[in-house]
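Observations on the three-dimensional arrangement
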Amino acid sequence: MPSSFVARSKSQFATYSITVEYSRLSTDIITPEEMSTRPQLWTTEAEIEEDLAEVDINLALGNYGQGQGVYDVGAPPMLNDTTLLAMQQQMAQQAAFSQIPDVVKRFIIHFHQAVLEQNVPEITVAYETGWNRLTEKYYAKQEWPEAEVIAPLVGDDPIFLILYRELYYRHVYSRLSPDIDDRFHSYENSCELFNYLLNSDAPPPLSLPDQWLWDIIDEFIYQFQSFSVWRSRVRQKSEEEVQLLAEGGQVWSCYSVLNVLYSFIQKSKINEHIVAVQRGASSEEIEEIVGEYGSKPLYKMLGYFSIIGLLRVHTLLGDYTLALRVMDNIELNQKAFFTRVTACHVATYYYVGFCYLALRRYPDATRTFVSILNFILRMRSYHTRSYQYDQINKTADRMYALFAICNALSPSRLDDNILNIVKDRYGEQVTRMSRGEEGLPAFEELFIYACPKFISANPPPYHDPALLSTYLATPSPSLEPAQHHLVLFLSDVRGQLAVPTLRSFLKLYTSLDAKKLAGFLDKDEEDVVQEMMVMKQSSRSVSRMVGGDKEKAGDDRNGTGAPGGLLDGQTISTSDLDFVIDENMVHIAESTVGRRYAGWFIRNTEHAQRVLDALRASPLPISTTGGAANAGATGLKTTPPTSTPKPAWGSVKKVEVVG
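A quick note: this is a predicted structure, and the numbers were derived from the prediction, not measured.

Turning next to the overall build of the protein. Along its length, the protein carries 31 helices and seven strands. The burial tally for the protein puts 38% of its 659 residues in the buried class. Across the protein, contacts joining residues at least 24 apart in sequence account for 71% of those joining residues at least 6 apart. Accessible area of the protein: about 39,000 Å², with a carbon and sulfur share of 54%.

A separate point is a negative patch on the surface. Together, Glu143, Glu146, Asp179, Asp181 and Glu240 make up a negatively charged patch on the protein surface. Residue Glu240 is classed as exposed on the basis of its relative accessible area of 61%.

With that settled, the discussion passes to unusual backbone geometry. One non-glycine residue, Trp252, lies in the positive phi region at around 55°. Residue position: Trp252 is located in the loop between helix H12 (239–247) and helix H13 (254–268). Positive phi, close to 60°, is recorded for Asp522, a residue that is not glycine. Position of Asp522 among the secondary structure elements: in the loop between helix H27 (514–521) and helix H28 (525–538).

Moving on to the nonpolar core. Counting residues in hydrophobic clusters, the biggest one holds 140 residues, and the most contacted among them are Phe111 and Met327. In contact with Met327, not counting residues within four places along its chain, are Ile307, Ile308, Leu311, Leu332, Thr348, Val352 and Leu566. Grouped together as the second largest cluster of nonpolar side chains are 15 residues, Val499, Leu517, Leu521 and Val528 included.

Here we come to the packing of aromatic side chains. As enumerated under the stated definition, the model contains 30 aromatic pairs in all. Between the aromatic rings of Phe111 and Trp212, the centroid separation amounts to 5.7 Å while the plane-to-plane angle is 35°, which identifies the pairing as tilted. Linking Phe111 in helix H6 (residues 102–116) with Trp212 in helix H11 (residues 210–231), this pair joins segments that are 101 residues apart in sequence. What makes Phe111 buried here is its relative accessible area of 2%. Its relative accessible area of 0% is what places Trp212 among the buried residues.

The subject of this paragraph is the side chain of Arg361. Looking at where Arg361 falls in the secondary structure, it is placed in the loop between helix H18 (342–358) and helix H19 (362–378). In this structure, Arg361 is in contact with Tyr356, Ser541, Val542, Ser543, Arg544, Leu566, Leu567 and Asp568, ignoring residues within four places of it in sequence.

What follows concerns the sheet that holds strand E5 (residues 585–590). Spatially, three strands are ordered E1-E5-E4 in an open sheet, and the strand pairing comes out antiparallel. Pairing within the sheet leaves two strands with one partner each, and these edge strands are strand E1 (511–513) and strand E4 (577–582). This sheet shows a mean twist of 25° between the axes of neighbouring strands, independent of strand direction. Seen against the sheet, H27 touches E1 and E5 and runs at an angle of roughly 80° to E1.

Turning our eyes to something else, we now look at the pattern of salt bridges. Taken as a whole and assessed by the stated rule, the structure comprises 15 salt bridges. In this structure, Arg312 and Asp218 form a salt bridge, with 2.6 Å as the shortest nitrogen-oxygen distance. In this pair, Arg312 is assigned in helix H16 (residues 297–316) and Asp218 in helix H11, connecting sequence segments 94 residues apart. A relative accessible area of 10% places Arg312 in the buried class. In this structure, a network of salt bridges that share partners links the residues Glu166, Arg170 and Asp215.

Another point: the packing of H11 against H16. Viewed as axis vectors pointing N to C, H11 and H16 meet at an angle of 30°, and their least axial separation amounts to 9 Å. One element, H11, and the other, H16, form an angle in the roughly parallel class. As for how H11 packs across H16, the hand of that crossing is right-handed. Packed against H11, whose contacting residues are Asp210, Leu213, Trp214, Ile217, Asp218, Ile221, Tyr222, Phe224 and Gln225, the element H16 presents Pro297, Leu298, Met301, Leu302, Phe305, Ser306, Ile308, Gly309, Arg312, Val313 and Leu316 at the interface. Partitioning the contact of H11 with H16 into residue classes produces 14 nonpolar, three polar and three charged.

This part takes up the pairing of E4. Bridge count for E4 against E5 is six bridges, and the pairing is antiparallel. Note that in E5 the partner of Phe579 across the bridge is Ile588. Following E4, the chain reverses through two residues before pairing antiparallel with E5; Glu583 in that reversal takes a positive phi of roughly 55°.

Now for H19. Given a rise of 1.5 Å per residue, 17 residues ought to cover 24 Å, and the 24 Å separating the end C-alpha atoms of H19 matches this to within 8%. Most of H19 is tucked away, with 15 of its 17 residues classed as buried.

Moving on to the side chain of Ser226. Looking at where Ser226 falls in the secondary structure, it is placed in helix H11. Relative accessible area serves as the criterion here: at 19%, Ser226 is assigned to the buried category. Setting aside residues no more than four positions away along its own chain, Ser226 makes contact with Tyr173 and Arg183.

A few words on a nonpolar patch on the surface. Nonpolar side chains collect at one region of the surface, where Val529, Met533 and Ile581 lie side by side and expose about 220 Å² of accessible area between them. Considering the arrangement of structural elements, one finds Met533 in helix H28. Assessed through its relative accessible area of 43%, Met533 is described here as partly exposed.

Let us look at the environment of Thr571. In this structure, Thr571 sits in strand E3 (residues 570–573). Separated by 210 residues in the primary sequence, Thr571 and Arg361 have C-alpha atoms spaced 10.0 Å apart. The residues contacting Thr571, other than those within four sequence positions of it, are Arg540, Ser541 and Val542.

This next bit is on the pairing of E5. The pairing of E1 with E5 spans three bridges and is classified as antiparallel. From the neighbouring strand, Ser511 faces E5, where its bridge partner is His587.

Time to look at the confidence of the model for the protein. Across the protein, the average pLDDT comes to 79, with 76% of residues at 70 or higher. The low-confidence segment residues 34–44, where pLDDT is below 50, has eight contacts with residues more than four positions distant or belonging to other chains. Of the regions scoring below 50 in pLDDT, residues 627–659 engages in 13 contacts with residues more than four places distant in sequence or in other chains.

Moving on to helix H14 (residues 270–278). Where H14 is concerned, the buried positions are Ile270, His273, Ile274 and Ala276. Along the axis of H14, the buried residues cluster in a sector spanning 165°; they form a single face. Those residues of H14 that are buried lie in contact with H13, helix H15 (283–294) and H16. At the C-terminal side of H14, Gly280 shows a positive phi close to 80°.

For the pair H13 and H16, the least separation of the axes is 8 Å and the interaxial angle reads 145°. Crossing geometry of H13 relative to H16 is assigned as left-handed. Within the contact between the two elements, H13 uses Val257, Leu258, Leu261, Tyr262, Phe264, Ile265, Lys267 and Ser268 and H16 uses Tyr299, Lys300, Leu302, Gly303, Ser306, Ile307, Gly309, Leu310, Val313 and His314. Class assignment for the residues of the contact of H13 with H16 results in eleven nonpolar, five polar and two charged.

How each quantity is defined
- Residues numbered from 1 in each chain as written.
- Predicted model: local features only at pLDDT ≥ 70, side-chain atom pairs only at ≥ 80, totals over all residues.
- Heavy atoms only, no water.
- Helix = DSSP H or I, 4+ residues; strand = E, 2+ residues; numbered from the N terminus.
- Buried < 20%, exposed > 50% of the residue type's maximum accessible area, 1.4 Å probe, protein only.
- Contact = heavy atoms within 4.5 Å.
- Areas by Shrake-Rupley, 256 points an atom, 1.4 Å probe, with all protein chains shown as cover.
- Patch = residues over 30% accessible without salt bridge, like charges linked within 9 Å, V, L, I, M, F, W, Y side chains within 5 Å.
- Salt bridge = Lys/Arg side-chain N within 4 Å of Asp/Glu carboxyl O.
- Lys, Arg positive; Asp, Glu negative; His and termini not counted.
- Charge placed at Lys NZ, Arg CZ, Asp CG, Glu CD.
- Core = buried A, V, L, I, M, F, W, Y, C linked by side-chain atoms within 4.5 Å.
- Phe/Tyr/Trp six-rings, centres within 6.5 Å; stacked < 30°, edge-to-face > 60°.
- Pairing = 2+ DSSP bridges.
- Axes fitted to C-alpha atoms, helices over the stretch in contact; angles between N-to-C directions.
- Parallel < 35°, antiparallel > 145°, perpendicular 65-115°, else oblique.
- Left-handed = near helix turned anticlockwise from the far one by under 90°.
- Nonpolar A, V, L, I, M, F, W, Y, C, P; charged D, E, K, R; others polar.
- Expected span 1.5 Å × (residues − 1).
- pLDDT = per-residue confidence, 0-100.
- Arc of directions from axis to C-beta.

Structure, rendered in structure tokens:
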């Protein structure tokens, strides 16, 4: 038997004997007589010293009491603050990791593996379905686990962690309320992702679905927009937030955002790619033009979506001409790249249509809104299965409001179906907008509801306390960007408020004395002539339509829109009522355009054909009772059932005709 085991056994036995003896002494009552006859347990001090002469007291007692002063207040710590903080963070991460559901852990591992393998179909399923389902089930009202917590599951893969943080902060912005740390860290993460893509020596081994690539650009601009609006509210900032904003002057700056978008366009050479495709270049020629980066789907789509992003940013800044100028090479039709992602498709038409409205090109704006709204109506059944269904519906509702404004300022009959929907949703506002000065609040209400959330390119002077104090001391530091654009819009509307009333009188006559018309309107004759000049000017607009067939020339849905950029066009008359003033007489000419039924019949014929195709493709109805009798009476014989299991979605039952 090993000596160590013997020594340990003796020690345990001695301890046990002492314990038993102590317990007996503590429970029994000992008399003085027993004490005198009992063996003496405690020896004298001299005997104790003699017995312990060869024993090392330090080994027996340890170092108790020798560390005096180590734990006193003010004594130097044994661990520095950095090490202690790191240990606390590690313990917190371990606790947070243990709280992650197993299904979420498996999802993250599967998601990471799909990204590593560049398996785009699997990435698409995980991104569009898995992430959203788990969000609804576990993280509807709380944050997803931080990237540092799930890092062990993905082997600390830096690229995947950047992509995970992009989803993490998007969830914070959409479902929760981001604080200043979230806003700064989301910007840092976006910079890390874009630096990785733009500054790499060669195209990185990364493939992502088009939907995710669009969402990356779209969310980047949305967070920039949200930060700009939040930063402009100076009076609601704490001292700490003011200090952080003063130190981070370049965080979410217009220059940095525009720089990223233009860099992707240049890196991918997407404009050269679009021009080459339009002139019919071969795939080999296109690859030679765009280079190794532009030939990759990742860079090609990021560059393309960056053009749409520039359209949005310039619109938010109020530069509508430049917003449409960056879209020169993109055609608004069903063959464009942006139709691959429905959210991008809808956003493109919304911002293009709003730019046309702000530039007073109401026919182009109306045609743009009608095109995309008809598309949404046709694809409604598909949109219900999309995780962006609510966002698409909100944008469509805003476009109906903008269409109502365009139709009030420049009446047209491009699509009666859309006009009927507008009357159902905004019937009260449509009626009020035709009542002159009384309709001004209706214009304001619809514009504020449907316009983008404008931002200012110049933030408050957080970097200079003196300027910031002066900025706050003024009663109204500056108009909100949305209010500024509203003032400009209402100034145009106010000049045209008399047009509907004047138009209603002119439609009653073919010729009319100006003085008599002034009497009808209860105004001075000179004022009436000025209003007629305003009406004449408002009935003329620049439009992309070419030729006399307005419907054919403007049907961008089929790719038959007018050639040239979105800013190109010619001046046309948008009203069916025209007049001339000869001395004091007003001669009116009204051109009546009969309703065109061709488009209505074509749409309903296509709908009937789709219904017929669906009926032909559907399985035949099988009667559960009387089937055999019916089969015998009609001379049909059903095939005997086989052991093959029936598919979950059903199948067509085969029949044989008996000769």
